[in-house]
Structures are given as C-alpha cells and as structure tokens.
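Here is how the chains run, residue by residue.
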Amino acid sequence: MNNLIDISETNIANEHICCAISDKKCADSYQAKKDWLTKEFANGYVFRRLDERGKVFIEYGPAEKAWVPITAPTYLNINCFWVSGRFKKQGNGRALLESALDDAKTQGKSGLVTVVGTKKKHFMSDTKWLLSQGFVECDRTTSGFSLLVKKINKTAPDPTFNLAVLSGECPEKKGIVVYYSNRCPFAEFHAKHSLITTAKNRNLPVKIIKLETMEKAQQAPSPATIFSLFLNGKFITTDISSCMDSRFDKVIAKALK
C-alpha cells in the first residue's frame, strides 16, 4: 500500500522533503527550499511524498503560479516528481501521479502539464515514463526541452513555452551564467560556493542569477528554473554537479558533443 502524506505549513518543520536530508553542507539550501515551499503553499502548491525516508515525491500547483516559463491557464503544473532506489517498481510513481490527476479533476482543471527533456535531463522527470502514462508533447525548445500535457478536458488549449526560452540562449554572452531558484535544496549551495571555485580555477567569468520571484522565473531563458548553466550565452546543462571542480570539464564536454 502506498502511504502518501502531504507536507504543509503545519508539519513542514518536522517532516523531511526527500532531497538533501542528511547533507550537512547543504543545510542552508535545504532550509531555503522549506522556506520556499512554505510561501508557495498559499498559492495552492502541493508537496506529497511517500511516508518513508527516501526520494519518493511529487510537487505541483496551479500553472498560473508556476515558477517556470510556460503559459498553461487552467492546468496543474508538475514540478519535481521523483521515485528513487528501492522504492521503484512498487506502484509509487503511479500512485503519486494519480493523486495529482485526482486533484486536477476535483479542482475542475484542464489537466496536468510538466517540463521535461526531449532526452532525459538531470533534475527533471522521466520523459519516457510520462509518455507511457498518457502524456503527449505539446511544445518544445531548440535547447532540448519538451512540454508534456495530460488532458482531462480534451478541448482545452495546449500549454506553450514562453517566448523567453525559445532561442536556447541567455542575454549574457560571456563566460558561465547560471540561473537557479530555491526549488531545489542543492542548487543554492553549489551555485554560490562550488561554482565560484570551479570558475576561478579556469579563469572563466561567472554570473549567478537567482530567480527570487515567480515573475522572474516565468521570464527565465531556460525552462529548468531549478538550475540551468549557460556557457558564452548557450544553454549547456541542468546538471547541478557541473558546478563541482571535479565534474565541470566532463559535463561540459559531454554537453557540447
């Protein structure tokens, strides 16, 4: 049986949020994610997880209030959706997805929408699995992102990406540029600490842009507002590990192939 619990403003202080549970170096980032969630609960945001100590959870809310550059009125937008390790192949993913779909029906929404990679991207949901669950692609970018929808109301307009993401580039054209938000408990630590060291060791200029409001996130040049790294203006990766000195060169080389 899939015992799911909702995290809310009443219990978030005492409940874990799945990622970075015991990562001491990311303690401040972990609290920043909890603070972000607490504010978003007022916008109808949902954080639902398995009642276990592990990464088995889904996050979603009204697409009009989503911290991603999409236009999808009357839909619920799925943000993070993850089932990991020993919790796979036990029906947990389906149970979480069905709970979100049930909420959409109860609220009279047109369906569910989510941003993924055209191929699997780090810190994004599994594209192939979602397609197998009845999602279909309704928009995509040249930088490798896909917008998937699962409609309840078949006549509802298709969601779309906002214009800011269509070029696959950011306005800053020199060096490393990172956009991130507190949607992930790993992002702030690695963007503000690991990346600074990595860029300095390579004599690369670096600019870090924190998306601190929903409005800024909806105007971002990448649909991956958890973390997106650009190099000389071109989108490179959503992989937060690219901030690390030991990983940067490998991740960049792979992305540029």
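I will try to describe carefully the structure that is included in this document. (Residues numbered from 1 in each chain as written. Predicted model: local features only at pLDDT ≥ 70, side-chain atom pairs only at ≥ 80, totals over all residues. Heavy atoms only, no water.)

For the rest of this paragraph, the subject is the packing of aromatic side chains. Per the counting criterion, the structure on display carries seven aromatic pairs. When the centroid spacing of 5.7 Å and the interplanar angle of 80° are considered together, the rings of Phe 230 and Phe 235 count as edge-to-face. Phe 230 gets classed as buried once you look at its relative accessible area, which sits at 0%. One aromatic cluster is present, formed by Phe 145, Tyr 179, Phe 230 and Phe 235 through successive ring pairs. Above the plane of the ring of Trp 82 lies Lys 55, whose end atom (NZ or CZ) is 5.7 Å from the centre. Above the ring of Phe 145, the side-chain terminus of Lys 121 is found at 4.9 Å from the ring centroid. (Phe/Tyr/Trp six-rings, centres within 6.5 Å; stacked < 30°, edge-to-face > 60°. Buried < 20%, exposed > 50% of the residue type's maximum accessible area, 1.4 Å probe, protein only. Lys NZ or Arg CZ within 6 Å of the ring centre and 35° of its normal.)

In terms of nonpolar packing, the biggest core is built from 63 residues, with Leu 37, Phe 47, Ile 70, Ile 176, Val 178, Phe 227 and Leu 229 touching the most fellow members. Not counting residues within four places of it along the chain, the set of residues in contact with Leu 229 comprises Ile 176, Val 177, Val 178, Leu 195, Lys 234, Phe 235, Ile 236, Thr 237, Ser 242, Phe 248 and Ile 252. Counting 20 residues, the second largest nonpolar core, distinct from the first, contains Val 46, Ile 78, Val 83 and Leu 97. (Core = buried A, V, L, I, M, F, W, Y, C linked by side-chain atoms within 4.5 Å. Contact = heavy atoms within 4.5 Å.)

A separate point is empty space enclosed by the protein. Rolled over the atoms, a probe sized like a water molecule indicates the empty space that remains. Per the counting criterion, the structure on display carries one cavity of 30 Å³ or more. By volume, the largest cavity is sized at about 60 Å³. Lining of the largest cavity is provided by Trp 36, Glu 40, Asn 43, Tyr 45, Gly 61, Pro 62, Lys 65, Ala 66, Trp 67, Asn 77 and Asn 79. Only helix H1 (27–40), strand S3 (56–62) and strand S5 (75–83) provide two or more residues apiece to the lining of the largest cavity. (1 Å grid on protein atoms, 1.4 Å probe; cavity = no way out; pocket = protein on both sides within 12 Å on 5 of 7 lines; lining within 4 Å. Points joined across faces, edges and corners; volume = space filled by probe spheres on them. Helix = DSSP H or I, 4+ residues; strand = E, 2+ residues; numbered from the N terminus.)

Here the focus is the sheet that holds strand S11 (residues 206–210). An order of S11-S10-S12-S13 is seen for the four strands of this open sheet, with the pairing classed as mixed. Because the sheet does not close on itself, it has two edges, and the strands there are S11 and strand S13 (234–237). Neighbour-to-neighbour, the strand axes of the sheet open up by a mean angle of 25°, direction not taken into account. Pairing of strand S10 (residues 176–180) with S11 involves five bridges; the strand directions are parallel. Residue Tyr 180 lies in a different strand from S11, and its bridge partner there is Lys 210. (Pairing = 2+ DSSP bridges. Axes fitted to C-alpha atoms, helices over the stretch in contact; angles between N-to-C directions.)

An order of S1-S2-S3-S5-S6-S8-S7 is seen for the seven strands of this open sheet, with the pairing classed as mixed. The open sheet has two free edges, formed respectively by strand S1 (4–7) and strand S7 (136–140), since each of these has just one partner strand. The mean angle between the axes of side-by-side strands here comes to 30°, regardless of whether they run parallel or antiparallel. Looking at chain direction, strand S2 (residues 46–50) and S3 are connected through four bridges and run antiparallel. Looking at the pairing, Phe 47 lines up with Glu 59 of S3.

Further remarks concern the layout of surface pockets. Of the volumes computed, that of the largest pocket is approximately 920 Å³. Surrounding the largest pocket, 43 residues form its lining, Phe 81, Trp 82, Val 83, Ser 125 and Asp 126 being those nearest its centre. Only S5, helix H2 (92–106), strand S6 (111–117) and helix H3 (127–132) provide two or more residues apiece to the lining of the largest pocket. Sort the elements by how many residues they give to the lining of the largest pocket and S5 lands first, with seven residues. For the lining of the largest pocket, the class distribution of residues is 22 nonpolar, 13 polar and eight charged. When its volume is computed, the second largest pocket comes out at roughly 710 Å³. Forming the boundary of the second largest pocket are 24 residues, of which Lys 121, Ile 236, Thr 237, Lys 254 and Ala 255 lie nearest the centre. (Nonpolar A, V, L, I, M, F, W, Y, C, P; charged D, E, K, R; others polar.)

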